[in-house]
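# Breakdown of the fold
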Amino acid sequence: MRTLSSVLGNSQRLDGGAMFGNAPKAMWEAWIPPDDKNRIPLACRCLLVRDGGRNVLLEAGIGAFFDPTLRERYGVVEDRHVLVESLAALGIAPDQIDVVVLSHLHFDHAGGLLTAFGEPRQLVFSKASYVVGAEAWARAKAPHARDRASFIPGLCYLIEATGRLELVSGDTSRVLGDGFTFHRNAGLT
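Residues numbered from 1 in each chain as written. Predicted model: local features only at pLDDT ≥ 70, side-chain atom pairs only at ≥ 80, totals over all residues. Heavy atoms only, no water.

What follows is about the sheet that holds strand S6 (residues 165-168). Backbone hydrogen bonds hold the strands of a sheet together, and the pairing may be parallel or antiparallel. Spatial strand order, S1-S2-S3-S4-S5-S6: six strands in an open sheet with mixed pairing. This sheet does not close on itself; its edge strands, each paired only once, are strand S1 (2-15) and S6. When the angles between neighbouring strand axes are averaged without regard to direction, this sheet yields 20°. Here helix H4 (residues 82-89) sits on the sheet in contact with S1, strand S2 (39-51) and strand S3 (54-58), set at roughly 155° to S1. Helix H6 (residues 134-141) contacts strand S5 (129-133) and S6 of the sheet and is inclined by roughly 90° relative to S5. (Pairing = 2+ DSSP bridges. Helix = DSSP H or I, 4+ residues; strand = E, 2+ residues; numbered from the N terminus. Axes fitted to C-alpha atoms, helices over the stretch in contact; angles between N-to-C directions. Contact = heavy atoms within 4.5 Å.)

Okay, here's the thing in structure tokens:
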């Protein structure tokens, strides 16, 4: 039996104009009012798939790895690891996550893989296998100048060092097996 649970991670506040793109502020501010810095609240939600005896985590959110200066710059609200707390509320410890699937490795999707600032930098999900699209991995290893700052230095090394990384280039994963398929998209969706 497979069950799905939405899991809250750390939240952040980002510029509303950047988030809504080519829409005037007058259109979106009534729907979601900005703060005094023109930022709107954003949740980083992950999906926990309980698949028989396995726990599969889709995405890891932004986490709490930033130092206080960068946490302020990127509008990360909490200084603790909310994803770990939310999983605990569901009865899941970090070492009970069997597989982590990442759409890409920007810090707001993969930062939750790391321990909180002030702790030794290591992967939170120490026993997990990691499934990442081959194109997304290549981009993280050799980022374009426009999004270089969106990647966490050293994260790819930590994941590779587990020996449990699967790069997916087709629509299936060896680690996940039957019942899971992938659709690749060039955008952030």
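Let's shift gears to the layout of surface pockets. Looking at the second largest pocket, its volume works out to about 150 Å³. Along the walls of the second largest pocket sit Phe65, Phe66, Asp67, Leu70, Tyr74, Phe107, Arg121, Ala149, Phe151, Ile152 and Pro153, which together make up its complete lining. A class-by-class count of the residues in the lining of the second largest pocket yields nine nonpolar, no polar and two charged. (1 Å grid on protein atoms, 1.4 Å probe; cavity = no way out; pocket = protein on both sides within 12 Å on 5 of 7 lines; lining within 4 Å. Points joined across faces, edges and corners; volume = space filled by probe spheres on them. Nonpolar A, V, L, I, M, F, W, Y, C, P; charged D, E, K, R; others polar.)

As a further point, take the packing of aromatic side chains. Tallying each qualifying case throughout the model produces six aromatic pairs. Look at Phe20 and Trp28: their rings are 5.1 Å apart centre to centre, the planes differ by 10°, and that puts the pair in the stacked class. Judged by its relative accessible area of 25%, Phe20 falls in the partly exposed class. Three or more aromatic residues joined by ring pairs form one cluster here, namely Phe65, Phe66, Tyr74 and Phe107. (Phe/Tyr/Trp six-rings, centres within 6.5 Å; stacked < 30°, edge-to-face > 60°. Buried < 20%, exposed > 50% of the residue type's maximum accessible area, 1.4 Å probe, protein only.)

As a further point, take unusual backbone geometry. Of note in this structure, Asn38 is not a glycine but carries a positive phi near 70°. Structurally, Asn38 is set in the loop between helix H2 (25-28) and S2. The backbone of Glu59 shows a phi angle near 75°, a positive value even though the residue is not glycine. Here Glu59 shows up in the loop between S3 and helix H3 (68-73).

Along H6, the residues that are buried comprise Ala136, Trp137 and Ala140. The buried residues of H6 occupy an angular sector of 100° when projected down its axis, which confines them to one face. For H6, the elements touching its buried residues are S5, helix H7 (155-161) and S6. (Arc of directions from axis to C-beta.)

Attention now moves to the nonpolar core. Ranked by size, the top nonpolar core spans 35 residues in total, and within it Ile97, Val100, Leu105, Leu113, Phe125 and Leu155 carry the most contacts. When contributions to this core are tallied by element, the ones reaching two or more residues are S2, H4, strand S4 (99-102), helix H5 (107-110), S5, H6 and H7. With residues near it in sequence (within four places) discarded, Leu155 still touches Leu105, Ala110, Leu113, Leu114 and Leu123. Of all hydrophobic cores here, the second largest spans nine residues; its members include Val101, Val131, Val175 and Phe180. (Core = buried A, V, L, I, M, F, W, Y, C linked by side-chain atoms within 4.5 Å.)

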